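One letter stands for each residue in the lines below.
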Amino acid sequence: MHLENIFLTLAYLAIGASAGFLGGLLGVGGGVIVVPALIFIFETTGQFSSSELPPNVLVLFATGTSMASIIFTTGSSAVAQMRRRNIDWPMVQIWMPMLMIGAFASSYIAKFLPIQLLKGFIGTFLIFVAFVLLLDKLPHSKRNKPRVIPTAAVASTGGLVSGLVGIGGGNVVVPSLLYFNTPVVRAAAVASTCGFGVSLSGAFGYFLNGSVIEYPWALGYIYLPALIPIAVANTICAPIGVYFAQRVPAERLKKIFGGMMCAVSLYMFYSLISG
């Protein structure tokens, strides 16, 4: 049993390192790696398979743990953006509250969704991420910034999607801001800063909603034996990814990562069909 725990810890460290490195390299939220990887490990090891637990609890622990791990990486990214003075604070003040509301609400919605629907939603989102990376489909627009009500609708929906999938929101916020003609650097800075609020709010929601579940070494739907090594490795490897992003052709790596996301999404759908 002790040896099994060592192997699991090493696996969690590898997940965190991969998510941090690729997040720093490509600007892709680590949740797109952490969530499907945790689902795979939990299913393979039989974690959370007790008949006393709800059927969808495995996915809830994966998304809740992912949201909690993103707090550390988005926090460090936000600090770095503040030091570079890239953050458009008025834009953050508009986007962050509604993103946080959507992320918090997602934890309440997710616990009522069947595991098949949750897996299907995550798999579909990963296919979308792969499509963006493989085809380099970024929105081009000359649209002006939307008014308050449309912004609130887009932000709250983005927060809801982020919370259901277990990501920090960058995959949703950046394309939305680019669509409304926001400069790329400013969009990335706003997404990094808002991501801290999204992950904090989402993780708190998964903590509260999972408080009725009694499971060893868990805080609500946040599984500490996975969270700690993932967060540590993620935080350490994210700056390494940023370093290599300035020296390695990112386009080729985006294609590779897009292919990886296709494979991961296929696994999610296979897991959905097989049962």
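Asker: What is the right way to look at the overall build of the protein in this model?
Answerer: Check the secondary structure of the protein and you find 10 helices and two strands. Mapped from its N terminus to its C terminus, the protein presents α and β elements in the order α-α-α-α-α-α-α-α-β-β-α-α. Counting every position in the protein, which comprises 275 residues, the buried fraction comes to 48%. Taking all contacts inside the protein whose residues are at least 6 apart in sequence as the whole, residues at least 24 apart take part in 84%. Here the protein has roughly 13400 Å² of accessible surface; of this, 69% comes from carbon and sulfur atoms.

Asker: Quick question: what am I supposed to make of the confidence of the model for the protein here?
Answerer: Parts of the prediction with low pLDDT should not have their coordinates interpreted in detail. Predicted confidence across the protein gives a mean pLDDT of 81, with 87% of residues reaching 70 or more. Per-element confidence in the protein ranges from a low mean pLDDT of 72 for helix H7 (residues 170–179) to a high of 96 for strand S2 (residues 222–223).

Asker: Is there a simple way to explain helix H4 (residues 89–110) in this structure?
Answerer: Note: α-helices contain 3.6 residues per turn, so residues at a spacing of three or four share the same orientation. Its 22 residues give H4 an end-to-end C-alpha distance of 31 Å, which sits within 8% of 32 Å, the value for a rise of 1.5 Å per residue. Within H4, the axis deviates most sharply at Trp95, by approximately 30°, and proline Pro97 lies no more than four positions further along. If you check which residues of H4 are buried, you get Met91, Val92, Trp95, Met96, Leu99, Gly102, Ala103, Ser106, Ser107 and Ala110.

Asker: I'm lost on unusual backbone geometry in this one. Help?
Answerer: Most peptide bonds take the trans configuration, and most residues that are not glycine carry a negative phi. A positive phi angle, close to 60°, is found at Phe48, a residue other than glycine. Along the chain, Phe48 falls in the loop between helix H2 (31–45) and helix H3 (57–84). When its relative accessible area of 5% is taken as the criterion, Phe48 is described as buried. Phi at Trp217 takes a positive value of approximately 60°, unusual for a residue other than glycine. Locating Trp217 in the fold gives a position in the loop between helix H8 (184–209) and strand S1 (218–219).

Asker: Explain the packing of H2 against H3 to me, please; I cannot follow it from the model alone.
Answerer: Each pair of packed helices can be described by the angle between their axes along with the distance between the axes. Contact pair H2 / H3: the axes reach a minimum separation of 9 Å and the direction vectors enclose 140°. The angle between H2 and H3 places the two elements in the oblique class. For the crossing formed where H2 meets H3, the hand is right-handed. Counted together, Gly31, Val34, Val35, Leu38, Ile39, Phe42 and Glu43 of H2 and Leu58, Val59, Phe61, Ala62, Thr63, Thr65, Ser66 and Ile70 of H3 form the full contact between these two elements. Taken together, the residues of the contact of H2 with H3 sort by class into 10 nonpolar, four polar and one charged.

Asker: Honestly, the nonpolar core in this entry has me stumped. Any pointers?
Answerer: Generally speaking, nonpolar side chains in soluble globular proteins are found buried as a group. Ranked by internal contacts, the top residues of the largest apolar core, which has 65 residues, are Tyr12, Val32, Leu38, Ile39, Phe42, Phe61 and Phe125. If you tally residues by element for this core, the top one is H3, at nine residues. When residues no more than four places from it in sequence are discounted, the contact partners of Phe61 are Phe42, Phe48, Ile213, Tyr215, Ala218, Gly220, Tyr221, Ile222 and Tyr223.

Asker: Whenever I open this one, the packing of aromatic side chains confuses me. Can you help?
Answerer: Two measures describe an aromatic ring pair: the distance that separates the ring centres and the angle between the ring planes. Inspection of every chain in the model, using the stated rule, returns 13 aromatic pairs. Ring plane angle 85° and centroid distance 4.9 Å describe the contact between Phe42 and Phe48, whose orientation is recorded as edge-to-face. Of the two residues, Phe42 and Phe48, both sit in the buried class. For the ring pair Phe42 and Tyr223, a centre distance of 6.1 Å and an interplane angle of 80° mean the geometry is edge-to-face. With Phe42 in helix H2 and Tyr223 in strand S2, this residue pair connects regions lying 181 residues apart in the sequence. With a relative accessible area of 0%, Phe42 lands in the buried category. Chaining the aromatic ring pairs together yields one cluster made of Phe42, Phe48, Phe61, Tyr215, Tyr221 and Tyr223.

Asker: Got a minute to help me understand the environment of Gln47 in this structure?
Answerer: By secondary structure assignment, the location of Gln47 is in the loop between H2 and H3. Along the backbone, Gln47 and Val57 are 10 residues apart, and their C-alpha atoms lie at a distance of 10.0 Å. Once residues lying within four places of it in the same chain are set aside, the contact partners of Gln47 are Phe42, Leu58, Tyr215 and Tyr223.

Asker: I tried to follow a nonpolar patch on the surface on my own but got confused; where do I start?
Answerer: A cluster of nonpolar side chains, Tyr108, Ile109, Phe204, Phe207, Leu208 and Leu219, forms an exposed patch at the surface whose accessible area comes to about 500 Å². Where the nonpolar patch is concerned, the elements lending two or more residues are H4 and H8. No other element matches the three residues that H8 contributes to the nonpolar patch. With respect to the helices and strands, the residue Leu208 is situated in helix H8.

Asker: Help me understand H2 in this model?
Answerer: Compared with the 21 Å implied by 1.5 Å per residue over 15 residues, the 21 Å span of H2 between its first and last C-alpha is a close match. Along H2, the residues classified as buried are Gly31, Val32, Ile33, Val34, Val35, Pro36, Leu38, Ile39, Ile41 and Phe42.

Conventions adopted
- Residues numbered from 1 in each chain as written.
- Predicted model: local features only at pLDDT ≥ 70, side-chain atom pairs only at ≥ 80, totals over all residues.
- Heavy atoms only, no water.
- Helix = DSSP H or I, 4+ residues; strand = E, 2+ residues; numbered from the N terminus.
- Buried < 20%, exposed > 50% of the residue type's maximum accessible area, 1.4 Å probe, protein only.
- Contact = heavy atoms within 4.5 Å.
- Areas by Shrake-Rupley, 256 points an atom, 1.4 Å probe, with all protein chains shown as cover.
- pLDDT = per-residue confidence, 0-100.
- Expected span 1.5 Å × (residues − 1).
- Bend = angle between axes of the 7 residues up to and from the residue.
- Axes fitted to C-alpha atoms, helices over the stretch in contact; angles between N-to-C directions.
- Parallel < 35°, antiparallel > 145°, perpendicular 65-115°, else oblique.
- Left-handed = near helix turned anticlockwise from the far one by under 90°.
- Nonpolar A, V, L, I, M, F, W, Y, C, P; charged D, E, K, R; others polar.
- Core = buried A, V, L, I, M, F, W, Y, C linked by side-chain atoms within 4.5 Å.
- Phe/Tyr/Trp six-rings, centres within 6.5 Å; stacked < 30°, edge-to-face > 60°.
- Patch = residues over 30% accessible without salt bridge, like charges linked within 9 Å, V, L, I, M, F, W, Y side chains within 5 Å.
- Salt bridge = Lys/Arg side-chain N within 4 Å of Asp/Glu carboxyl O.

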